[in-house]
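Residue-level structural notes
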Amino acid sequence: MTGGEIEDDVVADARAVLDAMAEGLFADLSARPAEQHEQDAGPAFAALKRTRATTLLVPRECAGAGASAVDAVRFQIAVGTLAPAVAVATTMHHYKIAALARVARSGDERASAILKDLGTGARLLASGGAESTPGRDLRTLGSRAVRDGADRLVTGLKRPCSLSTSMDVLSLMAELRAPDGTPEGYAQVFVPAGSEGLEREPFWTSPVFHAAESHAVRLTGVRVPDDRVFPLRGETGRRFATDCYTWFQLLISASYLGVARCLATATPPGRRAGSGRWTEAFDELRRLEARVTEAARAVDEDRPDGEQLNAAVRARDGVEDGIGALGGLLLRAAGGGTFARTGFFTLLAGALNAIAFHPPQRGAREGIGLEPLDAESKDRR
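Procedures and definitions
- Residues numbered from 1 in each chain as written.
- Predicted model: local features only at pLDDT ≥ 70, side-chain atom pairs only at ≥ 80, totals over all residues.
- Heavy atoms only, no water.
- Helix = DSSP H or I, 4+ residues; strand = E, 2+ residues; numbered from the N terminus.
- Buried < 20%, exposed > 50% of the residue type's maximum accessible area, 1.4 Å probe, protein only.
- Contact = heavy atoms within 4.5 Å.
- Areas by Shrake-Rupley, 256 points an atom, 1.4 Å probe, with all protein chains shown as cover.
- Lys, Arg positive; Asp, Glu negative; His and termini not counted.
- Charge placed at Lys NZ, Arg CZ, Asp CG, Glu CD.
- Core = buried A, V, L, I, M, F, W, Y, C linked by side-chain atoms within 4.5 Å.
- Axes fitted to C-alpha atoms, helices over the stretch in contact; angles between N-to-C directions.
- Parallel < 35°, antiparallel > 145°, perpendicular 65-115°, else oblique.
- Left-handed = near helix turned anticlockwise from the far one by under 90°.
- Nonpolar A, V, L, I, M, F, W, Y, C, P; charged D, E, K, R; others polar.
- 1 Å grid on protein atoms, 1.4 Å probe; cavity = no way out; pocket = protein on both sides within 12 Å on 5 of 7 lines; lining within 4 Å.
- Points joined across faces, edges and corners; volume = space filled by probe spheres on them.
- Expected span 1.5 Å × (residues − 1).
- Polar contact = N/O pair within 3.5 Å; in protein donor to acceptor, adjacent residues only side chain to side chain.
- Phe/Tyr/Trp six-rings, centres within 6.5 Å; stacked < 30°, edge-to-face > 60°.

What to know about the overall build of the protein
For the protein, the count of helices and strands is 14 helices and eight strands. The dimensions of the protein, computed from C-alpha atoms along their principal axes, are 70 × 40 × 40 Å. Counting the 381 residues in the protein, one finds 55% classified as buried. Taking contacts inside the protein between residues at least 6 apart in sequence as the whole, the part at least 24 apart equals 75%. Per element, the accessible surface of the protein, about 15,300 Å² overall, is 50% carbon and sulfur. The positive charge centre, built from 46 side chains, and the negative charge centre, built from 50, are 2 Å apart in the protein.

Quick notes on the nonpolar core
For soluble globular proteins, the rule of thumb is that nonpolar side chains tend to be buried together. Grouped together as the largest cluster of nonpolar side chains are 124 residues, with contacts concentrated most on Leu170 and Phe209. What Phe209 contacts, discounting residues up to four positions off in sequence, is Glu38, Pro84, Ala85, Val88, Trp204, Tyr256, Val259, Ala351 and Ala354. Tyr245, Leu309, Val313 and Leu373 belong to the second largest nonpolar core, which has five residues in total.

A short note on the packing of helix 8 (residues 234–264) against helix 11 (residues 305–334)
Geometry of a packed helix pair, given as the angle between the helix axes and the separation of the axes. Closest axis-to-axis distance for the helix 8/helix 11 pair is 9 Å, and the angle between their directions is 20 degrees. Viewed along their axes, helix 8 and helix 11 adopt a mutual orientation that is roughly parallel. Taken as a pair, helix 8 and helix 11 cross one another with a handedness that is left-handed. For the contact of helix 8 with helix 11, a count of residues per class yields 16 nonpolar, six polar and four charged.

Some points on the layout of surface pockets
Its boundaries defined by the atoms lining it, the second largest pocket holds a volume of some 360 Å³. Every residue lining the second largest pocket is counted, 18 residues in all, and those nearest its centre are Ala67, Arg105, Trp247, Val299 and Asp300. The residue makeup of the lining of the second largest pocket, split by class, is eight nonpolar, four polar and six charged.

Section: helix 10 (residues 276–300)
Its 25 residues place the ends of helix 10 36 Å apart at the C-alpha level, agreeing with the 36 Å of an ideal helix rising 1.5 Å per residue. The complete set of buried residues in helix 10 reads Trp278, Ala281, Phe282, Leu285, Leu288, Glu289, Val292, Thr293, Ala295, Ala296, Ala298 and Val299. Looking at the packing, one finds that the buried side of helix 10 touches helix 1 (9–21), helix 5 (69–82), helix 8, helix 9 (269–272) and helix 11.

Things to note about the environment of Ser171
Along the chain, Ser171 falls in strand 4 (residues 169–177). Between the alpha carbons of Ser171 and Val229 there is a distance of 9.5 Å; along the sequence they are 58 residues apart. Ignoring any residue separated from it by four or fewer positions in sequence, one finds Ser171 in contact with Lys96, Leu125, Ala126, Ser127, Gly128, Gln188, Val189 and Phe190.

What about the environment of Pro160?
The topology assignment puts Pro160 in strand 3 (residues 151–161). We classify Pro160 as partly exposed; its relative accessible area is 26%. As for Pro160 and Gly128, which are separated by 32 residues in sequence, their C-alpha atoms are 8.4 Å apart. Other than its neighbours up to four places away in sequence, Pro160 contacts Phe203, Trp204, Ser214 and His215.

Quick word on the packing of helix 5 against helix 8
Across the interface, helix 5 lies against helix 8 with an axial gap of 6 Å and an inter-helix angle of 35 degrees. When you trace helix 5 past helix 8, the crossing you get is right-handed. Contacts between helix 5 and helix 8 involve Ala69, Ala72, Val73, Gln76, Ile77, Gly80 and Thr81 on the former and, on the latter, Trp247, Leu250, Leu251, Ala254, Ser255, Leu257, Gly258, Val259, Arg261 and Cys262. For the contact of helix 5 with helix 8, the per-class residue count stands at 11 nonpolar, five polar and one charged.

What about the side chain of Thr55?
By the secondary structure assignment, Thr55 is in the loop between helix 4 (42–50) and helix 5. A distance of 2.8 Å separates a polar side-chain atom of Thr55 from the backbone oxygen of Arg52. With near-sequence residues (within four places) excluded, Thr55 lies in contact with Ala63, Gly64, Ala65, Gly66, Gly119 and Ala122.

Quick notes on the packing of aromatic side chains
A full pass over the atoms with the stated rule returns five aromatic pairs. When the ring of Tyr95 is compared with that of Phe248, the centres are 5.2 Å apart and the planes differ by 75 degrees; the resulting orientation is edge-to-face. Residue Tyr95 is located in helix 6 (residues 84–105), and its partner Phe248 is located in helix 8; the two are separated by 153 residues in the primary sequence. We note that Tyr95, like Phe248, is buried. Centre to centre, the rings of Phe230 and Phe240 are 5.8 Å apart; their planes meet at 65 degrees, and the pair counts as edge-to-face. Remark: Phe240 occurs in helix 8 and Phe230 occurs in strand 8 (residues 229–231); sequence separation between them is 10 residues. Phe240 matches Phe230 in its accessibility class, with the two residues each being buried.

This is how it looks when you write it as structure tokens:
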């Protein structure tokens, strides 16, 4: 067999995972090179809907695939291998659905109805939650939902908001208020993307993950039915917030590991066995993947909430600590010719460091849902 007939082993891994979980998605994503996806991910987001990959973590009883946390981690690694910005952006979709699914499984009919709508239509969900601002309490919100009869009028600003162009629904963290302004707690508000009063504004100018569609989204008096407002009260609210952080750490870590795998493909398959740098980097990559997968098992085994959260945060921190150096090794293994042909892989190597900027950042790990973190995981440096 010629070199061109031997499938890249890294891409072969992605094929196996995607074919098992979303038939047709590998073919759709691999039809375009990763560099094209990073320029325009719209076709990739459309493929996720078409193959119903958007229902990965929607429970089966709500018209979804009901995948495990371990499968979701593997899925995001595979997507990131083929389309880096798509993996990072869709983390915002999957983690919010996973947290809502746990509430639905506890018997909450409103959560189940929202998930059935998302699952039946294979809808893509953008998430307007915490912004990555060091030193800012995660409970400091920029959006409010004021009671108006049977509805809520939602006003606020989320920036950046990934998937802002391709989303079908925006899930927004908001402060609930009575008509006279009296606070009524917090809620997740599910806003249809085509709602009157919802506008997108330019925001993301960095070339890193530009295709993630991270505009600013501004809402001005957007009317949302009360059955699409999910209050975060008591134990349910605490648990939902904790689950959001747990799942986010797992899936964002997996997505960046997928980005590293994409960078690994810059070294031709025939040169990998003879490259000490490539072998060292890929061994480390597999070690980090195993650590994230083990943290995902804590979720699948339904260990105590605090144990799940701490395992996920420690896994994310391990990825954050090691992935920058790993990217440097992979870039050097690819050789100087990559600089002459394209700047894409150099961009990816730098993009790996962006995992440090996703909330909850080190030094800003206080707030609702993070109380179960131990002192080591809070890492206030």
